[in-house]
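Survey of secondary and tertiary structure
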Amino acid sequence: MNKLYKLMNSQFILFLIFLILLKPGSFSEYTAWKNIGNTINILRLFVCTWCLICFFLRRIKIDKFISFVVLFYLSLLFSTFYFGQTYINLIFEFVSVLSWIVLFKTNMINNKKKFLTTLENTFLILLLINFITIVLFPGGFYLNSSGYSGNYFLGYDNNVITYIFPALALSFTNSFGETGKVGAKTIFLTLISFLSIVFTWSATGVVAIIIMIVLFLIYTLKKKNFPIKKYIVIAFGLFVGIVFLRLQNIFSFIIEGWLKKDLTFTGRTFIWDIYINQIKQSILIGHGIVDSKYLIQTLNAGHAHNYFLQIIYQGGIMAFSMFLGFFFTAVNKVKNCNEKKYVGIVIFAYLISFIFEAYSLTNMFIIVLLIAYYYEPSFRHLKGEKNEIIGN
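Residues numbered from 1 in each chain as written. Predicted model: local features only at pLDDT ≥ 70, side-chain atom pairs only at ≥ 80, totals over all residues. Heavy atoms only, no water.

Moving on, we get to the packing of helix α11 (residues 228-244) against helix α15 (residues 307-331). Two numbers describe how α11 lies on α15: the axes approach to 13 Å, and their chain directions differ by 165°. It follows from the interaxial angle that α11 and α15 lie roughly antiparallel. The way α11 lies across α15 gives a crossing that is left-handed. In this structure, α11 uses I228, I232, F239, V243 and F244 to contact α15, whose residues at the interface are F308, L309, F327, F328 and V331. (Axes fitted to C-alpha atoms, helices over the stretch in contact; angles between N-to-C directions. Helix = DSSP H or I, 4+ residues; strand = E, 2+ residues; numbered from the N terminus. Parallel < 35°, antiparallel > 145°, perpendicular 65-115°, else oblique. Left-handed = near helix turned anticlockwise from the far one by under 90°. Contact = heavy atoms within 4.5 Å.)

If you want it as structure tokens, here you go:
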């Protein structure tokens, strides 16, 4: 069994596992590649099964973070089952998230460097291939099931930012936490990420990438910790102000002039009103995971275009309270650690994006929180020490 653990923790096997778990969207949507996608799905079942076996055989301690994640998915499963909705995809997502938790918990102590470097390189390769497809096929190279053409290697253009969030959180945190510097590979990854978002011009993605880069620069030059709780208050204030109080008119010069969006955020305000009314009908347990095609037919919107409203709609206050539980459990690990300030910045950018999008790739957000919760830096940045942007 020890030999098998050693094999599974080798760099090549880890790389394959990451590719399987991070399956690009094109393998699900592009007709010519769907058979490959189906094969990856089968391999993912084996990976998830192996991770769950490791979870029980190695008697991995169930900490507070894991407890809240499990309760979150159990609450969603309860709501989905109660209302007679299809729950197969939810179970699959739940098992995938547990696989990431197992991978982080089993590798962050004795195999940290190899694990994080391999994961970072996997994200870099995926984003580089996606960037190449953006350059070669500016309008996208296939139609998805909704007839939309802006799809690239990683899938729908709006979802590319969900790969960028964990990639930058990992690369900056690992580089700074291990050496005290932000390395050249991290700068290269940031450049690819920025150009990918600018070339496809997803308004939410543009705002998120600019927030991250500006704050990265500020807090790379600063010697202070990133005050994440203050920024969470800002994000929550924007959520309430925009979604409920509709204060966006104040920023019309940015929204209409620069982002080229109307003050309804391309009809999002109408969708928010629809979902808020739906939430009121079942605020405690929500409505479960409802098929998006059915929602389009009945509500004229396949999702809430707001991640917080989406969670409450699906699982009610019960699920949302569990979400807040594992979220703040991870955030508490960031607030007093200078080496984790970059992952804190990514979390803030994620929260801003959540106001306008209901990203389906929840496991990407979980990866960011796993970095925040389980990562322990080898390098401690001392007070009075000079910051350096690029290391040798």
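Moving on from the model shown.
Overall, the prediction assigns the chain a mean pLDDT of 89, with 93% of residues at 70 or greater. Predicted confidence is poor over residues 381-388, with pLDDT under 50, and the contacts of this stretch with residues over four places away or in other chains come to 18 contacts. (pLDDT = per-residue confidence, 0-100.)

Residues F244, L245, L247, I250, F251 and F253 make up a contiguous nonpolar surface patch of about 650 Å² in total accessible area. The topology assignment puts L245 in the loop between α11 and α12 (252-258). For L245, a relative accessible area of 56% gives the class exposed. (Patch = residues over 30% accessible without salt bridge, like charges linked within 9 Å, V, L, I, M, F, W, Y side chains within 5 Å. Areas by Shrake-Rupley, 256 points an atom, 1.4 Å probe, with all protein chains shown as cover. Salt bridge = Lys/Arg side-chain N within 4 Å of Asp/Glu carboxyl O. Buried < 20%, exposed > 50% of the residue type's maximum accessible area, 1.4 Å probe, protein only.)

Next up on the list: the pattern of salt bridges. Within this structure, the stated rule accounts for five salt bridges. Its salt-bridge partner being R246, residue D273 comes within 2.8 Å of it at the nearest N-O pair. Highlighted residues: D273 in helix α13 (residues 268-281) and R246 in the loop between α11 and α12, separated in sequence by 27 residues.

So, about the packing of aromatic side chains. The tally for this structure, following the rule as stated, stands at 55 aromatic pairs. Between Y82 and F83, the aromatic rings sit 5.1 Å apart at their centres with planes inclined by 85°, giving edge-to-face as the arrangement. Among the residues examined, Y82 registers a relative accessible area of 54% and is labelled exposed. The lysine or arginine in question, K333, covers the ring of Y373, its NZ or CZ lying 5.1 Å from the ring centre. (Phe/Tyr/Trp six-rings, centres within 6.5 Å; stacked < 30°, edge-to-face > 60°. Lys NZ or Arg CZ within 6 Å of the ring centre and 35° of its normal.)

We now examine helix α6 (residues 88-107). An α-helix turns once per 3.6 residues; consequently, residues spaced three or four apart project the same way. End to end, α6 covers 29 Å across 20 residues, agreeing with the expected 28 Å (1.5 Å per residue, within 8%). Here α6 lies mainly inside the structure; 14 of its 20 residues are buried. (Expected span 1.5 Å × (residues − 1).)

A separate point is unusual backbone geometry. Of note, the phi angle at N300 is positive, near 65°, even though the residue is not glycine. Secondary-structure assignment places N300 in the loop between α14 (292-299) and α15. Located in the positive-phi region is H305, a residue other than glycine, with phi close to 55°. Relative to the assigned elements, H305 resides in the loop between α14 and α15. Its relative accessible area of 18% is what places H305 among the buried residues.

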